[in-house]
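# A closer look at the structure
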Amino acid sequence: MKSQFLFSRMTFHKSLVFLLILLLGFFIFKNISYPLLWHDEGETAVYAERILRFGYPKIHDEKNRLYLLTSWNNKVGVREDTDAYLSSWGQYYFCAIGAFLARKTDDLYTKTACLRVPFALAGFAGILLAGLIPVPLFRKTGERWVFYALFLFLELFSVPLILHIRQVRYYALTILIVACLLGITVWKKYDQGFSSRLYALLTVFFSLMLFHVYFPALICFLLFIGIWETAVHFFCMAKGLIGKKGSFPECLHAWFLSLGPYFIAGLLLIPFFLYFRTFEITEFYHDRWDFNLRIYGLNCRFIFDFFLKKDWLFAFLILRFFSFYCRIRYRERPFVFLEPHSRLSDFLTVFFLVSCLMIARNSILFERYFIWLNPVLTMIVLLDAFFLYHFLAACSSEPHLKIKWIVFCFLLMFYHGGKKADYVSRYFHELFHPYKGPLDYLIPYIRQNYSHPDALQIVTNFEKTPYMYYLNCKMADYYNEDLPTREPDILIYRKGWEPTRRTSPQFWKWFKKDSQWDRVLFPVYDYFCNNSPESCHHLFKTKWAEYETQCTELIERKELRIQN
């Protein structure tokens, strides 16, 4: 009977995990083709197309120049000898897979899905892998399944993470590669059967990959691992100097061995840092935005507020406090089976904090720069919850302490979940009612009303990259001083774009004075972008214009339009 009970319980756990994986996949992939690409995604897609043509992200082709820093500096981030755009190329090469598949269809939304699905798959795999990192530390198979199920359940509430994973950008790839680096590091530390040679090869490989996808995450990881290993070995050295004679050289040798793969990765990365002018570009950004201690403090507060309001930071603070208190207060009690969990939680906590402090050094800060830390925070919360669950039950003779602890954690998560409920419900609405932005009306209109949209010259003040990708037309962007070579065929003035306050409306009147123009209005609100994964900007439902001045507007030359 006992074996049958255990078998049925294991079957339930596996079925629950399988169900949660399906639900997470549903959240990520449902209606992934909506809306059409926005500004940042369009840049990735256009550079992917140029990789298919030229082999690398080339700034110029026969029609357009794609260089979004034009109004700042014409040379920073550019290789003059090859006309290459100096950025993280990994996302562009990865996007080339979807761009190749998208060439086989003319449907706009099928093209969009072809581009987004590979990134969504990478992010999906990254989440699943991140949840598996602590699993080998659990001795009981049942607890492994419970931990993994809880991890997946909490990730379902991470709407900002899901929104970023669905983007044609580097965010999903960063989550996957960071999960791989953390995984091999943790499994090497706690599994002596993990080959040192394999560990070194994988560490070097994923470090190189992370540089080419999002190098700040690599800097965070290398800095963290250096701090952690140095601190650990420092205590070993101190203990050796006081205690056993000759242990200092042994600890120093062990320190070099532990950091050996990262030293090798650092040496191999030197040519890439020089070629891509990584530090030069970073310094340019700092000078451009006058980065100082005040901005750094505001960035730290921004990160703290995000994780507090939209993630599990409050639970992290409460559980970390209780975990440290119990471990210090009862440090003499022999709970050996709890050590790996508490040490891994400390390990991930240092990584989380070091990464937040490093990411805050960005001159301009967006959620996408640190969203990849979400799975790390979720792991810490669950590890501390499991630690306290076992520790308090083992320390106390009270028979129902486990139940009380479960109730406490449930109330803690209910507090978090209650604050997120509205956010999750709005995202659930979006999954069944596809959102459409201004570009979802502008681009289909141009395709339907012009027999050769690739021959058009369009002027807009924002989001020119989606037109370049979907229509393959000549684009001019007045805001970035990329002026048209002739009188344009279509004018698209995005009223919701903030920097256009510096753009004189006389510019548009100058184009309209000598030609015959038609004004076309669309009922959708002229939002500043087609949509954005940023929590403060993302729209979960299509926003309609209440007044004519809010409508999305297109101005076209009457004689060029063909009648259907």
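For the structure itself, consult the block above.
To keep things clear, this report deals only with the structure shown in the data block. The structure displayed is predicted, hence computed values, not measured ones.

Reading the values: rules and limits
Residues numbered from 1 in each chain as written. Predicted model: local features only at pLDDT ≥ 70, side-chain atom pairs only at ≥ 80, totals over all residues. Heavy atoms only, no water. Core = buried A, V, L, I, M, F, W, Y, C linked by side-chain atoms within 4.5 Å. Buried < 20%, exposed > 50% of the residue type's maximum accessible area, 1.4 Å probe, protein only. Helix = DSSP H or I, 4+ residues; strand = E, 2+ residues; numbered from the N terminus. Contact = heavy atoms within 4.5 Å. Phe/Tyr/Trp six-rings, centres within 6.5 Å; stacked < 30°, edge-to-face > 60°. Axes fitted to C-alpha atoms, helices over the stretch in contact; angles between N-to-C directions. Parallel < 35°, antiparallel > 145°, perpendicular 65-115°, else oblique. Left-handed = near helix turned anticlockwise from the far one by under 90°. Nonpolar A, V, L, I, M, F, W, Y, C, P; charged D, E, K, R; others polar.

## Considerations on the nonpolar core
With 154 residues, the main nonpolar core has F307, W372, I446, I458 and Y467 as its most contacted residues. In terms of residues, this core owes the most to one element, helix α8 (residues 196–242), which gives 13 residues. With near-sequence residues (within four places) excluded, Y467 lies in contact with L439, L442, I443, I446, I458, T460, N472, C473, M475 and I492. With eight residues, the next largest nonpolar core counts W38, F462, W497 and Y527 among its residues.

## Quick word on helix α16 (residues 439–449)
Across the 11 residues of α16, eight count as buried, placing the element largely inside the fold. Regarding α16, the residues found buried are L439, D440, L442, I443, P444, Y445, I446 and N449. Contact partners of the buried residues in α16: α4 (108–132), β3 (457–460), α17 (465–471), β5 (490–492), β6 (517–525) and β7 (551–557).

## What about the packing of aromatic side chains?
A full pass over the atoms with the stated rule returns 52 aromatic pairs. Between F27 and F428, the aromatic rings sit 6.1 Å apart at their centres with planes inclined by 50 degrees, giving tilted as the arrangement. With F27 in helix α1 (residues 2–29) and F428 in helix α15 (residues 401–432), this pair connects stretches of sequence that are 401 residues apart. Pairing F351 with W372 gives two aromatic rings, centres 6.2 Å apart and planes at 55 degrees, and the pair type is tilted.

## Focus on the packing of α4 against helix α5 (residues 141–156)
At a minimum axis distance of 9 Å, the contact between α4 and α5 shows a crossing angle of 140 degrees. In this view, α4 runs oblique relative to α5, as classed from their interaxial angle. Read as a crossing pair, α4 and α5 show a hand that is right-handed. Counted together, I127, L128, A130, G131 and L132 of α4 and F147, Y148, F151, L152 and E155 of α5 form the full contact between these two elements. In the contact of α4 with α5, the residues fall into eight nonpolar, one polar and one charged.

On their own, these measurements won't tell you what the molecule is for.
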